Amino acid sequence: MQAQTVYLNGEFMPIEEARIPVLDRGFIFGDGVYEVIPVYSGHPFRLPQHLKRLQNSLDAIKLANPLTAAQWSQLIRRMIKLNHGHDQAVYLQVTRGVAKRDHAFPASAAPTVFLMSNPMSTPERKLVTQGIACITATDNRWLRCDIKSTSLLGNVLMRQRAAEAGCIETIMFRDGFLSEASSSNVFVVHGKDVSAPPNNHLVLPGTTNDVVIELARKGRIPLALREINEDEVRSADEIWVSSSTKEVLAVSRLDGKPVGSGKPGPVFKRMYKLYQDYKRTVMRRG
Ligand code: PDD
């Protein structure tokens, strides 16, 4: 294992030395937001989009951004170098800082800024060629799923349900309509038509989701952003999930039943190729 360097409030240090006071509101209340940025061959992928979403999350929780976009970018690039370039996932978190426990915001507290980077491997070949198994559940999370909040208990419980069922993800329905999965966005395919739920307060606006939508448009794959009911998901020919760490993967089993043919379908295969080509182009540009 190579030494892991993290950043905490202005300093780079080995992860073993990083300490957070127990009164940090991130620890006490989950009062903070985060981002996960994939890095391929040392290049952060869709960094401006991640920084824009970070700003939106901070605005939504009324926390001033402690750094400018240029400062974030510099910090992230330094973190990538210190963690030996290559493929990795940079995690960053901003909390409302350390203050006496009181639900209301502290009058003055410096936000806590933490970054780390973990090795990232793109999904193993088997998951790409065979697809993944998922379960479904009723979405019982709060109504601001558009905020990338560190308060992830709802998502954690959903992901654990999937893990206990030997599955990768839990796909959720709210009031009979598809929202997203425990840590990814969801697409469904009927014939050649792809659909995905629109961005609103019920889903995280995924950066990978945006890439897939852009690639569908460029590749003339019909894609509609619309409400999708549970029957449409269960009768889909293909289901995909997308996230920064999963990229785009096909769901081959849902609640123990095969999705379509039970293998990643033709529209997925096309999208997967478009995605890998796009990644290569972006990496070449640096
Ligand atoms: N999660 N929806 C949820 C609930 C998520 O947690 C994520 C990502 C996504 C996909 O977003 P993106 O494409 O920008 O990664 C959608 C990250 C990877 C995580 O929490 O580790």
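These numbers come from a predicted model, not from an experiment.

What counts as what
Residues numbered from 1 in each chain as written. Predicted model: local features only at pLDDT ≥ 70, side-chain atom pairs only at ≥ 80, totals over all residues. Heavy atoms only, no water. Salt bridge = Lys/Arg side-chain N within 4 Å of Asp/Glu carboxyl O. Buried < 20%, exposed > 50% of the residue type's maximum accessible area, 1.4 Å probe, protein only. Near = heavy atom within 4 Å. Polar contact = N/O pair within 3.5 Å; in protein donor to acceptor, adjacent residues only side chain to side chain. Areas by Shrake-Rupley, 256 points an atom, 1.4 Å probe, with all protein chains shown as cover. Helix = DSSP H or I, 4+ residues; strand = E, 2+ residues; numbered from the N terminus. Nonpolar A, V, L, I, M, F, W, Y, C, P; charged D, E, K, R; others polar. Expected span 1.5 Å × (residues − 1). Arc of directions from axis to C-beta. Pairing = 2+ DSSP bridges. Contact = heavy atoms within 4.5 Å. Axes fitted to C-alpha atoms, helices over the stretch in contact; angles between N-to-C directions.

**Structural notes on the pattern of salt bridges**
- In total, this model carries 15 salt bridges according to the counting rule given.
- A salt bridge links arginine 141 to aspartate 139; the shortest N-O distance between them is 2.9 Å.
- Taking relative accessible area as the criterion, arginine 141 reaches 9% and is therefore assigned buried.
- Judged by its relative accessible area of 4%, aspartate 139 is buried.

**Observations concerning the site of the ligand**
- As a matter of local geometry, the ligand sits amid 19 residues, with Tyr34, Glu180, Thr207, Thr208 and Ser244 nearest to it.
- At 3.3 Å, a side-chain N or O of lysine 148 approaches a nitrogen atom of the ligand.
- For the ligand, whose accessible area on its own is 480 Å², the fraction buried by protein is 89%.
- When residues of the shell around the ligand are traced back to their parent elements, those giving at least two are β3 (32–40), β9 (177–181), α6 (207–218) and β13 (238–243).
- Here the shell around the ligand is composed, by residue class, of four nonpolar, twelve polar and three charged.

**Section: helix α3 (residues 69–82)**
- In a regular helix each residue adds 1.5 Å, so 14 residues correspond to 20 Å; α3 covers 20 Å between its end C-alpha atoms and thus fits that length.
- Along α3, the residues classified as buried are Trp72, Ser73, Leu75, Ile76, Met79 and Ile80. Seen from one end, α3 has its buried residues packed into an arc of 165 degrees, which puts them on one side. Set apart from the buried face of α3 by more than 90 degrees, the exposed residues are Ala70, Gln74 and Lys81.
- Within two residues after α3, histidine 84 carries a phi angle of roughly 70 degrees, on the positive side.

**Some thoughts on the sheet that holds strand β1 (residues 5–8)**
- Here six strands make up an open sheet; going across it, the order is β2-β1-β6-β5-β3-β4 and the pairing antiparallel. On the outer flanks of this sheet lie β2 (11–14) and β4 (43–44), each paired with one strand and no other.
- Relative to strand β6 (residues 112–119), β1 is paired through two bridges, and the arrangement is antiparallel. Along β6, the bridge assignment pairs tyrosine 7 with leucine 115.
- Against the sheet, helix α2 (residues 47–60) touches β3, β4 and β5 (88–95), its axis set at about 175 degrees to β3.
- Contacts from α3 reach β1, β2, β3, β4, β5 and β6 within the one sheet, and its direction differs from that of β5 by about 135 degrees.

**Quick word on the pairing of strand β7 (residues 132–138)**
- Summarising burial for β7: five of the seven residues are buried, a large majority.
- Sheet topology places β7 next to strand β14 (residues 247–254); three bridges connect them, and they run parallel. Opposite isoleucine 132, over in β14, you have valine 251 as the bridge partner.
- Relative to strand β8 (residues 169–174), β7 runs parallel, the two sharing five bridges. In the sheet register, isoleucine 135 faces β8, and the bridge partner there is threonine 170.

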